[in-house]
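# Chain and residue survey
Chain by chain, the residues run as shown.
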Amino acid sequence: SCYSWKTMAKFLHIADIHLGISRYRRFGTADRTRDFFEAWSDCIQRYALEEQVDFVLIAGDFFDTRRVEPQAMNHAMFCLMKLKDAGIPVIVIEGNHDQREASNQFSWLRSLSRWGFVRLLEPFYEDDGTVRFDPWNDQRGSGSFIDIDTPDGGFRIFGTTWYGTTVTRQLPVLVDEVRQHRGEDRFNVLLLHTDVEGQINRPIPALPVAKINELKSVVDYLALGHTHKNFELDGWVYNPGSLEACSVDEYANVRGAYLVEVKNGKHEARLMRDYHQRPFVRFRFEVSGRATPEELHDALFAQLRSEV
C-alpha cells in the first residue's frame, strides 16, 4: 500500500493553476510565468508532500491553454513526478482553458492520464447524446469516477467537464448519474468547473445556488473551480480560487488551497494561503497639474521610488 496509517484521511483541493500563462497577457514580464510555477510548486510541497495527503484534486484549468508549451509541461511534470514517486494520486477535470477541442479526442490532460501521472475524470457521451458515468479503468487511463481507499475510510470521486452556460441544464443529469453510482459507505466528492450566482461581478449566466443544492443529497463535498476568488457555501461547497492572480483585477482576491481532513464521514476544510504569491501594492497618483508627458513620467516614477 502507498498509504501509511493515519488517524484521519487528508486531501488537497486546488484549482485554476494556469501553468504556462503568457507573459504578454500578464503584465508584460516573464517573471509572472514563473510566479504561477512557484505557486504550484510551493503549494504542492507544503500541503501535499509535507502533509502526506492521500490524494490531490485539481478542479480544472491546470494549464492556461490547451496548446501547452514545453516550459509549461516542464513546470507541470516537476510536481507530478514528485507526487507519483510519493504515491499520491492526482485527480483532475478539464476546465475551459485546458479542455480539448471538440473535433479532437486528444488533449495533454488525456495523455498525462494515459501515462499515469494524473487521473482525468470525465463523463462519456453516447451517439444519441445521453450521458453515462463509467468507473475508472487503469488500463485505459480513463473513467468518470474513481475509488480511493485509505485506512480511515473510502472515497468515491466523480468528475465532470466544462459546461459553460449550459451547466444549469446539465445538472439534473449529473445528479441522476451521481445518485446511481454514489458509494453508500464512502465519502462522495464531485469535481465541477463553473461560475456560481452571487460570486461573480460579470453579467453572465451562472449556476444558481438552488440548483447546486440538488447535489447535496448525493455529494458530501463539492470541489469547485473556475472563479478566481475563494468562497464556501453551507459547509459542503468549496471554491479555493486561483493559486495566483491571473489579472490586475484580481489583485485583492482571497485565494488559496483547501487542505481537507475527513474522519468518520465528517470533514474540515482549511484554506491554506502560506505559499508563494506575489504581493500587489496599489496606490493613487494625481495626474492633474502636469504640463508635459515628460513631467508626468518623472513625477510618477518619483512617487514609485518613494512608495516602493
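Residues numbered from 1 in each chain as written. Predicted model: local features only at pLDDT ≥ 70, side-chain atom pairs only at ≥ 80, totals over all residues. Heavy atoms only, no water.

### Description of helix 4 (residues 167-181)
Under the 1.5 Å per step criterion, the end-to-end length of helix 4 is 20 Å for 15 residues, consistent within 8% with the ideal 21 Å. Of all the positions in helix 4, only Val167, Leu171, Leu174, Val175, Glu177, Val178 and His181 are classed as buried. On its buried side, helix 4 packs onto strand 6 (131-132), strand 7 (145-150), strand 8 (153-158), strand 9 (187-194) and helix 5 (209-212). (Helix = DSSP H or I, 4+ residues; strand = E, 2+ residues; numbered from the N terminus. Expected span 1.5 Å × (residues − 1). Buried < 20%, exposed > 50% of the residue type's maximum accessible area, 1.4 Å probe, protein only. Contact = heavy atoms within 4.5 Å.)

### Describing the sheet that holds strand 13 (residues 257-263)
Strand order in this open sheet of 6 strands is 4-3-2-1-13-14, and the pairing throughout is mixed. Edge strands, defined here as strands with exactly one partner in the open sheet, are strand 4 (119-120) and strand 14 (266-272). Across 7 bridges, the pairing between strand 13 and strand 14 is antiparallel. Bridge assignment links valine 260 to a residue of strand 14, and that residue is alanine 269. Most of the contacts of helix 1 (residues 30-49) go to strand 1 (residues 9-14), to which it runs at about 165°, and overall it touches strand 1, strand 2 (55-58), strand 13 and strand 14. (Pairing = 2+ DSSP bridges. Axes fitted to C-alpha atoms, helices over the stretch in contact; angles between N-to-C directions.)

### Considerations on the packing of helix 1 against helix 2 (residues 70-85)
It is at 10 Å that the axes of helix 1 and helix 2 come closest, and there the two elements cross at 5°. Here helix 1 lies roughly parallel to helix 2, going by the angle between them. In this structure, helix 1 uses Thr33, Phe37, Trp40, Ser41, Ile44, Gln45, Ala48 and Leu49 to contact helix 2, whose residues at the interface are Gln71, His75, Ala76, Phe78, Cys79, Leu80, Lys82 and Leu83. For the contact of helix 1 with helix 2, a count of residues per class yields 10 nonpolar, 5 polar and 1 charged. (Parallel < 35°, antiparallel > 145°, perpendicular 65-115°, else oblique. Nonpolar A, V, L, I, M, F, W, Y, C, P; charged D, E, K, R; others polar.)

### Points about the pairing of strand 9
Within strand 9, 8 of the 8 residues are buried, which leaves the element mostly enclosed by the surrounding structure. Along strand 9, one buried face is formed by Phe187, Val189, Leu191 and His193 and the opposite face, lined by Asn188, Leu190, Leu192 and Thr194, is buried too.

### Thoughts on the sheet that holds strand 10 (residues 221-226)
Strand order in the open sheet formed by 6 strands is 7-8-9-10-12-11, with mixed pairing between adjacent strands. Among the strands making up the open sheet, the edge pair consists of strand 7 and strand 11 (231-233). Each strand of the sheet is rotated relative to its neighbour by a mean of 20°, with strand direction disregarded. In this sheet, strand 8 lies alongside strand 7 in antiparallel orientation, the contact comprising 6 bridges. Bridging from a neighbouring strand, phenylalanine 145 pairs with phenylalanine 158 of strand 8.

### Notes on the confidence of the model for the protein chain
Taken as a whole, the protein chain shows an average pLDDT of 89; of its residues, 93% reach a score of 70 or greater. Confidence drops under a pLDDT of 50 for residues 1-5, and excluding neighbours within four residues, the segment shows 9 contacts in the predicted structure. (pLDDT = per-residue confidence, 0-100.)

### Thoughts on the pattern of salt bridges
Counting across every chain of the model gives 18 salt bridges. Of the charged contacts in the structure, one is a salt bridge between lysine 211 and glutamate 214, with a shortest N-O distance of 3.5 Å. A residue is classified by how much of its surface remains accessible, and lysine 211, at 27% relative accessible area, is partly exposed. (Salt bridge = Lys/Arg side-chain N within 4 Å of Asp/Glu carboxyl O.)

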